[in-house]
Amino acid sequence: MESLAEDIASLARKRLSPEHVQAMQKIGEEVTFSQGQKIFVLGGPQDYFYQITDGLVDVINPITNVPFSYGRMGKGEFIGEIDFLYGGRAQVDICAATNVRLLRIPRPAMLDLMSKIPELGDDIVSVFAARRRHMIENNLLGMTLLSGETDRNIRRIADFANRNRIPARQIALGSPEAAKLADETGLDPTHPAVILGPEIALQNPTPRQVAAYFGLDVTLSKDRVYDVLIVGGGPAGIAAAVYAGAEGLEALVIEDLAIGGQAGTSSRIENYMGFPTGISGADLCWRGEVQAMKFGTRFAVPRRAKAVSEDADGTFCVTLEDEEQVMARSIVVATGVQYRKLNIDRLEDFEGSGIYYAATDLEARYCGQSEVVVIGGGNSAGQAAMYLSRTARHVHVLIRGTSLASSMSDYLRNRLENDPSITLHTHSQMSACAGDDHLDEVVIRDTEQGTEWTLKTPAVFVMVGAAPNTSWLSGCVALDDKGFVKTGRDVGAASLYGTSHPGIFAVGDVRAGSVKRVASAVGDGSVVISRIWSFLQDLDNR
Ligand SMILES: Cc1cc2nc3c(=O)[nH]c(=O)nc-3n(C[C@H](O)[C@H](O)[C@H](O)COP(=O)(O)OP(=O)(O)OC[C@H]3O[C@@H](n4cnc5c(N)ncnc54)[C@H](O)[C@@H]3O)c2cc1C
């Protein structure tokens, strides 16, 4: 399968060309640090870009306080990681291993130079992205989650970190490693916690606090009016973010859960052009996110839009769940769809601890070598079953009707029908679920035979169709009878993506009549920006 870079380790150490270093010298200054002095402090701001002119620099493991063996950098290399682009805090101490001379450039000036010399920007972004990738793949840095088997809040944080590509490792409470850590950080060893460094530990954090720490969130101000506010960070929203940035529009993406949307939960997208061996949805969306950030588009996660209104001067005001407000001259609705829930007693009790709506590697890890259940007969259910069959002992797929959905692609149907670790149960529905803190067993009803049977399982994946996320639009735009946003000729709009309200556009799965695929969402998101460009020009010419 395609990955971000074939040789992450060597890409992470790529050096800049002499011409690019010369350009940086014009806007930077030389500074010196003596051996042992800290250049970046864990949890501190990353206000500067540093290019090493002479000497050696170490990346320090924040938990053990010992330099990482891979982290020593020398003359010609530069310091930093992807969160430099969006102003995240330093996730490690960076220390001078010898006396060092560095070229120091303030962050705003460096970002400006990267946009003026795209080749320089590309080199730096590739190295930063490779470093983050290296950290995630090798379980380095980021957060340490101290948790019990079933701690729901820590799982929520782990899920948030996983889906937003924040490196995180989990240590079981009660293990000797956990006791040692709790001792080192002064935490109560019997309580779950999120550890960011020796003196930075949060006992019961929210995803928002974690996001703020890692720079995924932005400070919002009602005084700032964006050219375009993109609501929803799935493929459609990300594509709009890339094009908006590239066209020089001031754009902000508001995302409720994780950049990537539904596609971010797909372990393998096989039908996206250009990736003959498939690509993970998370990888594809990560590339788009980095690309958009490179063009200057900002993302705010986790932020949920709650309502939209319009001021007398035509400026839109989107109110978020925490009552903060964002102002914009135009809006792209890219909120996609959300999986339907089942009406079963106690289902909500087990959400996040046995009942799941996505099958990523994180959930797959929770399943261990157990029998698991996937509910649904469509593409998403099929893909989840295929993915889980690699780690689970057996996968039971419950299909309400007589067969898999006719919309399912042939390649997937063949695989499901021929995989010995998957059983397809037609005319079958889950009728009850039980357990204490964690799901333990489910009752399955065969609606044809009128019989019921019980299956011991720690995980059920509910994939039974989806409904559009449009309640936040507050009646501002016309919806069809299923709640999808009507666009184009149906509502008298000049463009295919225009809604019934001028200045509000809709793209991707949330748009009535759209093809519910990654490629079409990306297509919508890419094209809509040219329509927004014309809309804003018309506004300016009035
Ligand atoms: C498991 C799975 C596998 C799939 N496999 C494939 C495949 O192989 N090939 C393919 O072409 N397609 C596949 N799809 C479909 C594809 O992922 C979708 O068509 C695509 O993601 C739609 O993109 P979107 O941006 O329109 O919406 P979404 O991906 O749904 O993204 C919408 C985003 O908006 C956010 N949001 C919602 N409401 C709010 C709010 N009020 N405020 C802020 N943010 C909000 C959501 O959190 C979400 O991140 C798959 C889908 C799933 C679930």
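The preceding data block contains the structure.
Overview of the structure. These figures come from a predicted structure and were not determined experimentally. In this numbering scheme, every chain counts its residues from 1 along its sequence in written order. Side-chain atom pairs in this predicted model are given and counted only at pLDDT of 80 or more, local residue features only at pLDDT of at least 70, and totals for whole chains, interfaces and linings cover all residues. Calculated side-chain values reflect all of the structure's heavy atoms, with hydrogen atoms and water omitted.

On to the overall build of the protein, then. Helix and strand definitions here come from DSSP, where helices need a minimum of 4 consecutive H or I residues and strands a minimum of 2 consecutive E residues; each element is numbered from the N-terminal end. A count of helices and strands for the protein gives 14 helices and 30 strands. The C-alpha radius of gyration computed for the protein amounts to 25 Å, which stays within 12% of the reference 24 Å derived for 542 residues, consistent with globular compactness. When each of the 542 residues of the protein is scored for burial, the buried share is 55%. Partitioning the contacts of the protein with sequence separation of at least 6, the portion at a separation of at least 24 is 68%. Note on areas: these come from Shrake-Rupley sampling with a 1.4 Å probe, and a residue is covered only by the protein chains present in the view. Roughly 23800 Å² of accessible area belongs to the protein as shown, and the carbon and sulfur atoms make up 48% of that amount. Side-chain charges in the protein split into 52 positive and 67 negative, and the spacing between the mean points of these groups amounts to 3 Å. The reference for a compact globule is 2.2 Å times residues^0.38; the radius of gyration itself is calculated from the C-alpha atoms. To sort residues, take the accessible area from a 1.4 Å probe on protein chains only and compare it with the maximum for the residue type: under 20% means buried, over 50% means exposed, and anything in between is partly exposed. Note on definitions: a residue-residue contact is assigned when non-hydrogen atoms from the two residues lie within 4.5 Å. Counted as positive: Lys and Arg. Counted as negative: Asp and Glu, with His and the chain ends omitted from the count. Taken as the charge centre is NZ of Lys, CZ of Arg, CG of Asp or CD of Glu, depending on the residue.

Let's shift gears to the packing of helix α4 (residues 107-116) against helix α5 (residues 118-137). Here α4 crosses α5 at 115°, and the two axes come no closer than 5 Å. From α4, M110, L113, M114, S115 and K116 reach across to α5, where they touch P118, L120, G121, I124 and V125. Charged residues are taken to be Asp, Glu, Lys and Arg, nonpolar residues to be Ala, Val, Leu, Ile, Met, Phe, Trp, Tyr, Cys and Pro, and polar residues to be all remaining types, Gly included. For the contact of α4 with α5, the residue count by class is seven nonpolar, two polar and one charged. An axis is simply a line fitted to the C-alpha atoms; with a helix, the fit covers only the stretch in contact. Between two such axes, the angle follows the N-to-C directions and lies from 0 to 180 degrees.

Turning to the site of the ligand, a few remarks are in order. Any residue with a non-hydrogen atom lying within 4 Å of a molecule or strand is treated as near it. Surrounding the ligand, one finds 36 residues, the nearest of these being E255, Q262, N271, Q383 and D509. At a separation of 3.4 Å, an oxygen atom of the ligand approaches a polar backbone atom of A263. Coverage of the ligand by the protein chains reaches 94% of its 1000 Å² of free accessible surface. Where the shell around the ligand is concerned, the elements lending two or more residues are α9 (235-246), β20 (337-339), α12 (379-388) and α14 (518-541). The definition of a polar contact used here is a pair of N or O atoms within 3.5 Å, where within protein one atom must be able to donate a hydrogen and the other to accept one, and adjacent residues in sequence count solely through side-chain atom pairs.

With that settled, consider the nonpolar core. As used here, the term nonpolar core means buried Ala, Val, Leu, Ile, Met, Phe, Trp, Tyr and Cys residues forming a set that is joined through side-chain atoms within 4.5 Å. Counting 77 residues, the largest nonpolar core has F49 and M143 as its most contacted members. Top element by residues in this core is α14. It accounts for eight residues. Sequence-distant contacts of F49, that is, excluding residues within four places in its chain, are made with L16, M24, F78, I79, F84, L103, R104, I105, M110, I124 and F128.

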